[in-house]
Amino acid sequence: MEGRYVGAVPHNQALNLRVVDYSPEHLSLALPYREDLVGNPETGVLHGGCITSLIDATCGGAVIMSLAAPRRIATLDLRIDYVRPALPHQEVICDAHCYKVTRHVAFVRAAAHHGDKASPIATSSGTFVVFRDEGRGDEGRRGEDGESA
Amino acid sequence: MSLRDAVTAVRETGDFTAIQEAIPYSRFMGITAELVDGDVIGRMRYSDHLVGNASVPALHGGTLGALMESTAIFKLLWHGETTTVPKTINITVEYLRGARPEDVFARAEFTRHGRRVANVRVFAYQDDPERPAAVATAHFLLVQE
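Residues numbered from 1 in each chain as written. Chains lettered and ligands numbered in written order. Predicted model: local features only at pLDDT ≥ 70, side-chain atom pairs only at ≥ 80, totals over all residues. Heavy atoms only, no water.

S.K.: I tried to follow the overall build of chain B on my own but got confused; where do I start?
M.R.: Scanning chain B from N- to C-terminus turns up four helices and eight strands. Along its sequence from the N terminus, chain B presents helices and strands in the succession α-α-α-β-β-β-β-α-β-β-β-β. Relative to the 2.2 N^0.38 estimate, which gives 15 Å for 145 residues, the radius of gyration of chain B is 15 Å and therefore close to what a compact globule would have. If you line up chain B on its principal axes, its C-alpha atoms span 45 × 30 × 30 Å. In chain B, which comprises 145 residues, the share counted as buried stands at 57%. As presented, chain B carries roughly 6200 Å² of accessible surface, and 48% of it is formed by carbon and sulfur atoms. Looking at charge distribution, chain B has the averaged site of its 15 positive side-chain charges lying 6 Å from that of its 18 negative ones. (Helix = DSSP H or I, 4+ residues; strand = E, 2+ residues; numbered from the N terminus. Rg over C-alpha atoms; globule rule 2.2 N^0.38 Å. Buried < 20%, exposed > 50% of the residue type's maximum accessible area, 1.4 Å probe, protein only. Areas by Shrake-Rupley, 256 points an atom, 1.4 Å probe, with all protein chains shown as cover. Lys, Arg positive; Asp, Glu negative; His and termini not counted. Charge placed at Lys NZ, Arg CZ, Asp CG, Glu CD.)

Quick look at the structure:
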């Protein structure tokens, strides 16, 4: 999972995302704290943008974990609620659960926290489209104008 | 320069470089803003580490969310009455089409700019503003909790 997912995605690698745990339909990734990812230098708290990337990556990974065969997927939408301020100098862990997969769409819920799942800093829900025509190849599906879905 | 001083400097000069310099994550992401015809336009300069899918290739969806959240905050700071940094209450990102490995721009609209809360719609695009790669709806808290 580490090499196939995190290592293959340049931006996940740039954020040093690390696999914490996984099981069918579930994935947990950690975003290590780093000074260059801080959003407000007065509080030292990580920027919401890198939390968005962490949650998007974890939710997408949970979808991949739920599929019987490797498929290309794309995020349709992702909602993130910041329920509590994040703390400085602490890594953020995201737990994602892909709770339903239909033929073309996967549904995911996620929460981000500092290690205590009962006290999340963000909760999230997202939907993903699942491409079922890998035989035609990624490039053919993408179309000439860069459409992803 | 502190973020507070940077915000004041931007209000005086209209040059967002000071804010980008004051926010480490903005530097890491190559996210900045500029005034175009009086409106705040966000920009994320392309860099290889922003890619999400190297085989397509396409930018990571999270980076588009980051640009749109940042652009909304830049515009709120530009128009706001205080130097308090708006806090994101929530953000919903809809992905419409893949973003090519090139610069991305973003434009924000205030759906409602209240005293406590701002409702903001943001559009991220590459060459054509009428064909956004992603759109976001976000709420920001403008007062200290």
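S.K.: Can you walk me through the overall build of chain A in this structure?
M.R.: Regarding its fold elements, chain A presents four helices and eight strands. Along chain A, helices and strands appear, N-terminal first, in the series α-α-β-β-β-β-α-β-β-β-β-α. Across the 149 residues in chain A, those meeting the buried criterion constitute 51%. When contacts within chain A are restricted to residue pairs at least 6 apart in sequence, those whose partners lie at least 24 apart make up 58%. (Contact = heavy atoms within 4.5 Å.)

S.K.: For this particular structure, what's the right way to read the interface of chain B and chain A?
M.R.: The figure often quoted for interface size is the accessible area lost as the parts come together. Residue-level contacts link 41 residues of chain B with 39 residues of chain A. Between chain B and chain A lies a buried interface of about 3100 Å² when both sides are counted; carbon and sulfur atoms form 52% of it. Linking chain B with chain A are one salt bridge. Its salt-bridge partner being Arg-4 of chain B, residue Glu-42 of chain A comes within 3.6 Å of it at the nearest N-O pair. In this structure, the connection of chain B to chain A is made through 13 residue pairs in polar contact (both at pLDDT 80 or more). Elements with a minimum of two residues in the side of chain B that touches chain A: α1 (3-13), α3 (24-29), β3 (51-53), α4 (61-79) and β5 (87-95) of chain B. Here five bridges tie strand β5 (residues 73-82) of chain A to β5 of chain B, and the two strands are oriented antiparallel to one another. When the sheet's bridge partners are listed, Leu-78 of chain A is paired in β5 of chain B with Val-93 of chain B. (Buried area = accessible area lost by both parts, 1.4 Å probe. Salt bridge = Lys/Arg side-chain N within 4 Å of Asp/Glu carboxyl O. Polar contact = N/O pair within 3.5 Å; in protein donor to acceptor, adjacent residues only side chain to side chain. Pairing = 2+ DSSP bridges.)

S.K.: What should I look at first to understand the packing of helix α3 (residues 48-66) of chain A against α4 of chain B in this one?
M.R.: A pair of packed helices is characterised by two quantities: the angle between their axes and the separation of those axes. Axis separation between α3 of chain A and α4 of chain B bottoms out at 8 Å; the angle between their running directions is 155 degrees. Taken together, the axis directions place α3 of chain A and α4 of chain B in an arrangement best described as roughly antiparallel. Note that α3 of chain A runs across α4 of chain B; the crossing there is right-handed. Listed contacts from α4 of chain B to Gly-48, Gly-49, Thr-52, Ser-53 and Asp-56 of chain A of α3 of chain A are Gly-61, Gly-62, Thr-63, Gly-65, Ala-66 and Glu-69 of chain B. Partitioning the contact of α3 of chain A with α4 of chain B into residue classes produces one nonpolar, eight polar and two charged. (Axes fitted to C-alpha atoms, helices over the stretch in contact; angles between N-to-C directions. Parallel < 35°, antiparallel > 145°, perpendicular 65-115°, else oblique. Left-handed = near helix turned anticlockwise from the far one by under 90°. Nonpolar A, V, L, I, M, F, W, Y, C, P; charged D, E, K, R; others polar.)

S.K.: Which parts of the structure should I look at to understand the nonpolar core?
M.R.: Soluble globular proteins tend to bury their nonpolar side chains together. Counting residues in each nonpolar core, the largest one holds 82 residues, and the members touching the most others are Ile-55 and Val-63 of chain A together with Ile-19, Met-44 and Leu-64 of chain B. Top contributing element to this core by residue count: α4 of chain B, with nine residues. Contact partners of Ile-19 of chain B, with chain neighbours within four places excluded, come to Ala-6, Val-7, Val-10, Phe-74 and Leu-77 of chain B. (Core = buried A, V, L, I, M, F, W, Y, C linked by side-chain atoms within 4.5 Å.)

S.K.: Just to check I follow, could you spell out the environment of Val-38 of chain A for this structure?
M.R.: Tracing the chain through its elements places Val-38 of chain A in strand β3 (residues 38-40). On the basis of relative accessibility, which here comes to 3%, the residue Val-38 of chain A falls in the buried class. As a C-alpha pair, Val-38 of chain A and Gly-115 of chain A span 77 residues in sequence and 19 Å in three-dimensional space. Those residues in contact with Val-38 of chain A that lie beyond four places of it in its chain are Tyr-33, Gly-44, Val-45, Leu-46 and His-47 of chain A together with Ile-23, Pro-24 and Tyr-25 of chain B.

S.K.: Would you take a moment to explain α1 of chain B for this structure?
M.R.: Side chains that are three or four residues apart share a direction in an α-helix, a result of its 3.6 residues per turn. Within α1 of chain B, the full set of buried residues consists of Leu-3, Ala-6, Val-7, Ala-9 and Val-10 of chain B. The buried side chains of α1 of chain B occupy one side of the element, clustering within an arc of 165 degrees when seen end-on. On its buried side, α1 of chain B packs onto β3 of chain A together with α2 (17-22) and α4 of chain B. (Arc of directions from axis to C-beta.)

S.K.: Is there a simple way to think about the side chain of Asp-56 of chain A in this case?
M.R.: With respect to the element layout, Asp-56 of chain A can be found in helix α3. This buried residue, Asp-56 of chain A, is left without a salt bridge; Arg-72 of chain A holds the nearest opposite charge, at 12 Å. Discounting residues that sit within four places of it in the chain, Asp-56 of chain A has contacts with Thr-75, Leu-78 and Phe-128 of chain A together with His-60, Gly-61 and Gly-62 of chain B.

S.K.: What is the right way to read the pairing of strand β6 (residues 92-101) of chain A from this model?
M.R.: If a strand is regular, its side chains alternate between the two faces of the sheet. Residue and element names in this part refer to chain A. The sheet contact formed by strand β2 (residues 26-31) and β6 spans six bridges and is antiparallel. The residue bridging Leu-31 from the neighbouring strand is Val-92, located in β6. One ladder, built from eight bridges, connects β6 with strand β7 (residues 105-113); its direction is antiparallel. The partner of Ile-93 across the bridge, within β7, is His-113. Between β6 and β7, which pair antiparallel one after the other, the connecting turn spans three residues.

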